[in-house]
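Residue strings, one per chain:
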Amino acid sequence: MVYNRRNSTMKKTIFMGMAALLLCGTVNATSWRVCSKPEAGANFTSVADAVASNSVFAGDTLYVEPGHVETGNQLNINKSLTIIGPGYFLVDNNINVVNPDDAVIIRSITISQSNTRVYGLHIQGEVSINAANSIVERCMMTDGIYVSGQGNIVRQCFINTGGITGYMAEQAIIENNIIYGDISCTYNWQNSTFRNNAVVGGSTSYTLRSFQECNIYNNIVININTSYTTATNPDQTVDTTWRKHFAIDAPASDGNTVRNNIISGKPNAEFLNCVFNASVEDVLIWNDANTLEEKYKHKTPGPAVGAGVNGTTCGAYGAVNGSQAYQPAGIPQYRPYIYDANIDETPSSNNTINASFKIKVQQ
């Protein structure tokens, strides 16, 4: 087929127009397109420019398009915005879309305004929530996330390194995440909920630590550190302490409730209905996985199935109390996307092109 520049341009226009209609059709506040590719014709070429614009107001939505790449210094989100990306690992998960590229932010992000929402981004830099009632959901992060303030939510994220740290974080909800690293907090997590996470740490400290009046349940928490220390007791016997047993440090004396978890720690009478001395090979698909996300999925059958509250499944791929299981590829919930298109190669006599599209809405 002979390449026709005019037809190609018209196709791009059709795709961009369809994308704009799909993304903006149900939003009351103003919606803006963000893409670093000049040929995309987006409203802004960076999230930073959109946040800084006097035309973008609190309550607006930024749709960051596939293929967007943004670098720079720390990005400060100082407006209450909703920022929506396309997800990640779409090819690995065999998701058929017109453009399977991630929207990649290669810079640290600080959320400094309350009621901010961030979905479906691939972030290569630390994310810091220094606000209240904000949500980071279905994002992939390669440098961890820091949480400070009240009522923040981290949900269904793939945190590949860095874990989750906090500072005087209160009433947080950390649920259905895949986390490679630890969960800790300076001055303790306060009155927060941690449920249905798959947490694999490797430090010499506890994988989950620093809690006060927190509810911790339906998690898989495994420390894969293989080191140990020994000490000689007064009776000349040798006591060995294995790091793998440093899973959860959340004493009941601090008002914590720990129940229905799968952990690598030794039996603890304060931890109710838990499975102890677990290993990643026993509980997770791990080395038999086809994708990086699948490594953290529970084996079926396996000890995580039915071990949760009310017979639910522990780990990121389980759900309880109205939560939703981890969704591979991180496509934001209710986000429509084009997965197939049929476009005529030649314009008709009245200079129009016939086109049909197949659309899915992510759940």
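Further up the page is the structure itself.
These figures come from a predicted structure and were not determined experimentally.

Novice: Looking at this structure, how should I read the pairing of strand S27 (residues 228-232)?
Specialist: Every other side chain in a regular strand lies on the same face of the sheet, so the side chains alternate between the two faces. Sheet topology note: the S27/strand S28 (residues 238-242) ladder contains five bridges and is antiparallel. Each residue of the ladder has a partner; that of Thr230, found in S28, is Thr240. Turn length for the S27-S28 hairpin, with the two strands adjacent in sequence and antiparallel, is five residues, and the turn residue Gln236 shows positive phi of about 75°.

Novice: Looking at this model, I keep getting lost on the packing of aromatic side chains. Mind explaining?
Specialist: Where two aromatic rings form a pair, the distance of their centres and the angle of their planes describe that pair. Applying the stated criterion across every chain yields a total of eleven aromatic pairs. On the basis of an interplanar angle of 80° and a centroid distance of 5.5 Å, the ring pair of Tyr88 and Phe89 is categorised as edge-to-face. Here the two residues Tyr88 and Phe89 agree in accessibility, since each one is buried. When the centroid spacing of 5.4 Å and the interplanar angle of 90° are considered together, the rings of Trp286 and Tyr296 count as edge-to-face. Placement of the pair is Trp286 in the loop between helix H3 (280-283) and strand S32 (336-343) and Tyr296 in the loop between H3 and S32, with a sequence separation of ten residues. For Trp286, a relative accessible area of 11% gives the class buried. A relative accessible area of 4% places Tyr296 in the buried class. An aromatic cluster of at least three residues, connected via ring pairs, comprises Tyr88, Phe89, Phe158, Trp286 and Tyr296. Sitting over the face of the ring of Trp286, Lys295 holds its NZ or CZ atom 4.0 Å from the ring centroid.

Novice: How do you make sense of the pattern of salt bridges when you look at a structure like this?
Specialist: Any two side chains of opposite charge can pair if their charged atoms end up close together. A complete count under the given rule lists six salt bridges for this structure. Linking Arg33 and Glu65 is a salt bridge whose minimum nitrogen-to-oxygen distance equals 2.3 Å. Taken together, the positions of Arg33 in strand S1 (residues 31-34) and Glu65 in the loop between strand S2 (61-64) and strand S3 (69-71) put the pair 32 residues apart, joining distant regions of the chain. A relative accessible area of 11% places Arg33 in the buried class. By relative accessible area, which is 11% here, Glu65 ends up buried. Here the salt bridges do not stand alone but share partners, grouping Glu137, Arg155, Glu175 and Arg195 into one network.

Quick notes on the rules
- Residues numbered from 1 in each chain as written.
- Predicted model: local features only at pLDDT ≥ 70, side-chain atom pairs only at ≥ 80, totals over all residues.
- Heavy atoms only, no water.
- Pairing = 2+ DSSP bridges.
- Helix = DSSP H or I, 4+ residues; strand = E, 2+ residues; numbered from the N terminus.
- Phe/Tyr/Trp six-rings, centres within 6.5 Å; stacked < 30°, edge-to-face > 60°.
- Buried < 20%, exposed > 50% of the residue type's maximum accessible area, 1.4 Å probe, protein only.
- Lys NZ or Arg CZ within 6 Å of the ring centre and 35° of its normal.
- Salt bridge = Lys/Arg side-chain N within 4 Å of Asp/Glu carboxyl O.

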